[in-house]
Amino acid sequence: MELNRNGGVIMARGIRAIILNTDEDYAVELRSKLLTIEGMKIVAEIDEPVLFDAAIKQFSAELVVVNLDPDPESSIQTASQIIEHYPDLTLFAISESDNPQLILQAMRSGFREFLLRPFDQDQLVQAVSRISKNTAGQSPTGKLICVVGAVGGIGTTTLATNLGCELANLGEKSAVIVDLDICFGHVATFLDLSPQFNLADLCLTLDSIDPAMIEKALLKHDCGVSVLSRPNHFVQAQQISAANLATVINALCGMFSYVICDGPTRNDAVKPSVLDLADTTLITTNLTVPAIRNIDRVFQEMIREGYNLDRNQLVLSRYSNDNNSLSIEDVEQSLNRKIAFTIPEEPKVVSAAVN
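Let me sum up the structure you'll find in this document. For clarity, every value in this text was computed on a predicted model and none was experimentally measured.

Looking now at empty space enclosed by the protein. According to the stated counting rule, one finds 2 cavities of 30 Å³ or more in the structure shown. Size it by volume and the largest cavity reaches roughly 80 Å³. Lining of the largest cavity is provided by Leu35, Leu275, Ala278, Thr281, Met302, Tyr307, Asn308, Arg311 and Asn312. Per-class residue counts for the lining of the largest cavity are 5 nonpolar, 3 polar and 1 charged.

Spelled out as structure tokens, the structure:
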């Protein structure tokens, strides 16, 4: 384990967290604090204590972060019940109160850490690093990489598909591609696969989901990459909830070294739950004003929602020196972010491969 340049913990395995917070005004700040830690994945955010039992049964997690305010007594009582039923979970308490009796009561109830608001980020980093040491012997969680397009038709699916194929070369169970363009996705088409089962089949049968069921829903390409296809029918896509999708992706991260998502699409309702889990989001763009404006809006919205922009990387897709009204320098200056990767324009090669 080591610290990255932003002071976050680079952990040998990811830490999956459930947030229990009834203070809506504190939700964005708390999410922001947690997602600055590399390897941290928020698998569920709960605003009602009665929902916790269902959440922990649906999502695997090592950490529960509990905001004790505005009702510390009730929150501690809830936490005591959690610890009694799930002794392997680590609980962190957060509160604005520095009352010694409250702190003592929380620690006696089983909280591993007590952090005062506003807490120093270094405190959180060190607390999480201790969890990482304690869980070092457990099974690793795979890296989740989302590929999102600023506009349509700029090669997002091409990038996601080829990235999955390349990562599959790293070994057995190395990579799976999940098609999160749940209405119009074409990952299976790009790989010339005909799925019998798909994402909807898993999301609609969560009561009995297990690795064997996931394996049945996956297709494997000759290059070694596995594919979880989008639903076959629009009505199935409408039935996929954010919570169910997060459960499936979380399970895949326990089975594969890399999970590559083609999407979610920009206006998809399941987008927040996926971004909470993502280790890296590749945002594809081209050198056009509409694409750059879309990315700027996406970044501003992510900042408002407390997401860590350091987990995003810009990919300039279909790049050509010919007839571009904008330059790379223009884009970087406008967005105040560097373009991490550039993919050249190869229309004949890509069209021939797809067709």
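So, on to the pattern of salt bridges. Applying the stated criterion across every chain yields a total of 12 salt bridges. In this structure, Asp279 engages Lys41 in a salt bridge whose closest nitrogen and oxygen atoms are separated by 3.1 Å. Remark: Lys41 occurs in strand E4 (residues 40–46) and Asp279 occurs in the loop between helix H12 (271–277) and strand E13 (280–285); sequence separation between them is 238 residues. Both residues of the pair, Asp279 and Lys41, count as buried. Of the charged contacts, one joins Lys338 and Glu332 as a salt bridge, the two residues approaching to 3.6 Å between their closest N and O atoms. Since its relative accessible area comes to 65%, Lys338 is described here as exposed. Residues joined by salt bridges that share partners form a network here, namely Asp23, Asp69, Glu96 and Arg117.

Here we have 5 strands laid out as an open sheet, ordered E4-E3-E5-E6-E7, and parallel in their pairing. Only two strands of the sheet have a single neighbouring strand rather than two, namely E4 and strand E7 (113–116). Each strand of the sheet is rotated relative to its neighbour by a mean of 25 degrees, with strand direction disregarded. Relative to strand E6 (residues 90–95), strand E5 (residues 63–67) runs parallel, the two sharing 5 bridges.

For the rest of this paragraph, the subject is the pairing of strand E8 (residues 143–149). Burial of E8 is extensive: 6 of the 7 residues sit out of reach of the surface. Examined bridge by bridge, E8 and strand E12 (residues 258–262) share 5 bridges and lie parallel to one another. Each residue of the ladder has a partner; that of Lys143, found in E12, is Tyr258. Pairing between E8 and E13: 4 bridges, direction parallel. Bridging across to E13, Val148 finds its partner in Ile283.

Reading the values: the criteria
- Residues numbered from 1 in each chain as written.
- Predicted model: local features only at pLDDT ≥ 70, side-chain atom pairs only at ≥ 80, totals over all residues.
- Heavy atoms only, no water.
- 1 Å grid on protein atoms, 1.4 Å probe; cavity = no way out; pocket = protein on both sides within 12 Å on 5 of 7 lines; lining within 4 Å.
- Points joined across faces, edges and corners; volume = space filled by probe spheres on them.
- Nonpolar A, V, L, I, M, F, W, Y, C, P; charged D, E, K, R; others polar.
- Salt bridge = Lys/Arg side-chain N within 4 Å of Asp/Glu carboxyl O.
- Helix = DSSP H or I, 4+ residues; strand = E, 2+ residues; numbered from the N terminus.
- Buried < 20%, exposed > 50% of the residue type's maximum accessible area, 1.4 Å probe, protein only.
- Pairing = 2+ DSSP bridges.
- Axes fitted to C-alpha atoms, helices over the stretch in contact; angles between N-to-C directions.

Remember, this is a structural readout, not a statement about activity or role.
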